[in-house]
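Breakdown of the fold
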Amino acid sequence: MKAYRASILSFSGLGAELEAHLEGDGLLVVGADAHNPSRQVILAAGDYNTTLSNWTRQHREALRVEDIEQLPGKILAPGFVDLHVHYPQLDVIGSPADGLLPWLENYTFAQEMKFQDFNHAASVAELFLDELTNNGVTTALTFASSHKHSVEALFKAAQKRRLRLITGLCLMDQHAPQGLQQQTDTSLDESEALIRHWHGVDRLGYAITPRFVPTSSRAQLEGAGELAKQHPSTWIQSHVSENTDEIAWVQSLHPESRSYLSVYDNFGLLRERSVYAHCIYLDDEDRALLRERKAAAALCPTSNLFLGSGHFDYARAERHGFMYGLGSDVGGGTSFSPFKTMLGAFYTAQQQNSPGGHPPQYASKAQHLWWQHTAGAAQALGLEGVIGNLKVGHEADFLILNPKATPLLARRTAQAQNTQELLFSMIVLGDDRLVERTVIS
Ligand code: GUN
Ligand code: ZN
């Protein structure tokens, strides 16, 4: 058991009712889960004096002074959840291209090809996890490459660090270079073998991962849907409606389909625990479908801005009420830092305030931006109550933030008059220096 004394950030409510709560002098107690002692969870959280006296009353042993780490001036915050990222694209960041499809062809596929080499995969896996944790990300839903050992390398590295990580074999059996494409049957057999070996082991989860519609044959999409049905607790991840050229391509490949999103639906790939990156050019029928199927969108603002893809429509998302959260989308995205991603999300929402746009009611508020990358992203993964918040029973993945990490941060955060202002100043000025320590459950 261990306790931490600092300010504590947590969230309650949803949508317009969302509230960020900052407990100024807080106490967070973490220890083994009574029902499953191998899990480290939050045993108590709240105001320091109240939590301490409640603890003493409820447990025979009082908390000893030496068990409480004193962190004056620091903020305990939920670990960030990256809802969409590509671990084989670490070396792609900042490769400029004339939109998504040339970017894939000219840079991305070449880098992913390097994952044919197991040693390359294993070393990038370690670097990738270093980047996540240094930036305060404690859970990620990430693409691997289309090589089985790339998935295994990442699972092994995450398991060693006790990280909560979800990944899967990138399915491609057409319209991709040789060396990245697989035979349809092989890709599905390998996915199934990986599910059986890794899904639910420690804190690891498997995501069935068709890259996007153009790179999968109908047979592969059908097989992926079949796997999703047979293994309902797995996740599904893919891309949808990111770029207008991509959408036209999908339309030519699936002229019978009402929309790009409904191609996935037709193959049984829209369900709980399915997460679709981008979702920029959806129409209202698509949005209603996402909500009906309890599927989620991963918004990737730095990627959308970098590749010139377009902007997620927050106002319509709010109106339809489907689940969404934030992803870095590295290497289309430009940073592993959740602060940069939240800032990109804010720019996206602000841009919709222009004449003719439909301004979002709450998505651009600091607390909501932060929620989209923590509790909101956890909800999108079907892990609400498990991760993404600092409340009793949640897994103890959290950050120790130092708002005085740089002279500028120190000056600016000291002048914040309330929690909203404090969160905003950290979103705008924050980076990995703000994350003093990442504590993994
Ligand atoms: N669509 C298909 N593959 C990709 C990818 O790797 N990145 C992004 N941003 N979009 C994609
Ligand atoms: Zn992506």
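So, here's what we can say about the structure. All values derive from a computational prediction rather than experimental measurement.

Conventions adopted
Positions within a chain are numbered from 1, following the residues in the order the chain's sequence is written. In the order they appear in the text, chains get letters beginning with A and ligands get numbers beginning with 1. Local features are withheld for residues below a pLDDT of 70 in this predicted model, meaning they are given only at 70 or higher, and side-chain atom pairs are given and counted only at 80 or more; totals for whole chains, interfaces and linings count all residues. Side-chain numbers here rest on the full set of heavy atoms in the structure, without hydrogens or water. Helix and strand assignments come from DSSP, with helices taken as H or I runs of at least 4 residues and strands as E runs of at least 2, each series counted from the N terminus. Exposure categories follow from relative accessible area, calculated using a 1.4 Å probe and restricted to protein chains: below 20% of the type maximum is buried, above 50% is exposed, and the middle band is partly exposed. Put simply, a residue is near a molecule or strand once any heavy atom of it comes within 4 Å of that molecule or strand. Throughout this description, a polar contact denotes any pair of N or O atoms lying within 3.5 Å of each other; where both atoms belong to protein, one of them has to be capable of donating a hydrogen while the other can accept it, and for residues adjacent in sequence the pair is counted only when both atoms sit in side chains. Methods summary: accessible areas were calculated by the Shrake-Rupley approach with a probe of 1.4 Å, and residue burial reflects only the protein chains presented. Here a cavity means grid points, on a 1 Å grid over the protein atoms only, where a 1.4 Å probe fits yet cannot get out; a pocket means an open set of points with protein on both sides within 12 Å along at least five of seven lines; lining residues are those with an atom within 4 Å of a point. A pocket or cavity is taken to hold a molecule when more than half of that molecule's atoms are within 2 Å of the pocket's grid points. In this count, Pro and Cys sit with the nonpolar residues alongside Ala, Val, Leu, Ile, Met, Phe, Trp and Tyr, while Asp, Glu, Lys and Arg are called charged and the others, Gly among them, polar. Only heavy atoms matter for contacts: two residues are in contact if any of them lie within 4.5 Å across the pair. Grid points are joined across faces, edges and corners, and a volume is the space filled by probe spheres set on the points.

Some words on unusual backbone geometry
- Note the cis peptide between valine 330 and glycine 331, where omega equals 5 degrees.
- With respect to the element layout, glycine 331 can be found in the loop between strand 13 (323-326) and helix 12 (338-351).
- Backbone geometry at lysine 294 places phi at a positive 60 degrees, although glycine is not the residue there.
- Among the structural elements, lysine 294 can be located in the loop between helix 9 (284-293) and strand 12 (296-299).
- Lysine 294 sits in the partly exposed class, given a relative accessible area of 47%.

Quick word on the site of ligand 1
- In the region of ligand 1, the neighbouring residues are His86, Gln89, Leu100, Trp103, Leu104, Arg211, Phe212, His239, Glu242, His278 and Asp329.
- Arginine 211 places a polar side-chain atom, nitrogen or oxygen, 2.7 Å from an oxygen atom of ligand 1.
- Between ligand 1 and aspartate 329, the relevant distance is 2.8 Å, taken from a nitrogen atom to a side-chain nitrogen or oxygen of the residue.
- Taking 280 Å² as the accessible area of ligand 1 by itself, protein coverage stands at 100%.
- Among the detected pockets, ligand 1 sits in the largest cavity.
- Looking at which element gives the most residues to the shell around ligand 1, the answer is helix 2 (residues 100-113), with three residues.
- When grouped by side-chain class, the residues that make up the shell around ligand 1 number four nonpolar, four polar and three charged.

Some details on the side chain of aspartate 397
- Looking at the element boundaries, aspartate 397 is found in the loop between helix 14 (375-380) and strand 14 (398-401).
- A polar contact is formed between the side chain of aspartate 397 and the backbone nitrogen of serine 441, at a distance of 2.7 Å.
- In this structure aspartate 397 touches Pro78, Gly79, Thr138, Thr139, Arg203, Ile387, Leu390, Val439, Ile440 and Ser441, once residues within four positions along its chain are discounted.

Regarding the side chain of asparagine 402
- Relative to the helices and strands, asparagine 402 is located in the loop between strand 14 and helix 15 (407-414).
- From its side chain, asparagine 402 meets the backbone nitrogen of lysine 404 in a polar contact 2.9 Å long.
- Side chain to side chain, asparagine 402 and glutamate 436 meet in a polar contact 3.5 Å long.
- In this view, asparagine 402 contacts Lys74, Leu434 and Glu436; residues no more than four positions away in its chain are not counted.

What about empty space enclosed by the protein?
- What the rule picks out here adds up to two cavities of 30 Å³ or more.
- Forming the boundary of the largest cavity are 13 residues, of which Leu100, Trp103, Leu104, His239 and Glu242 lie nearest the centre.
- At three residues, the largest contribution of residues to the lining of the largest cavity is made by helix 2.
- Of the residues contributing to the lining of the largest cavity, the split by class is five nonpolar, five polar and three charged.
- By volume, the second largest cavity amounts to about 30 Å³.
- Lining the second largest cavity are Leu299, Cys300, Pro301, Asn304, Phe312, Tyr314, Leu326, Ala345 and Thr348.
- Where the lining of the second largest cavity is concerned, the elements lending two or more residues are helix 10 (301-307) and helix 12.
- Here the lining of the second largest cavity is built from residues that sort into seven nonpolar, two polar and no charged.

So, to be careful, I would describe these as geometric facts and stop short of saying anything about function.
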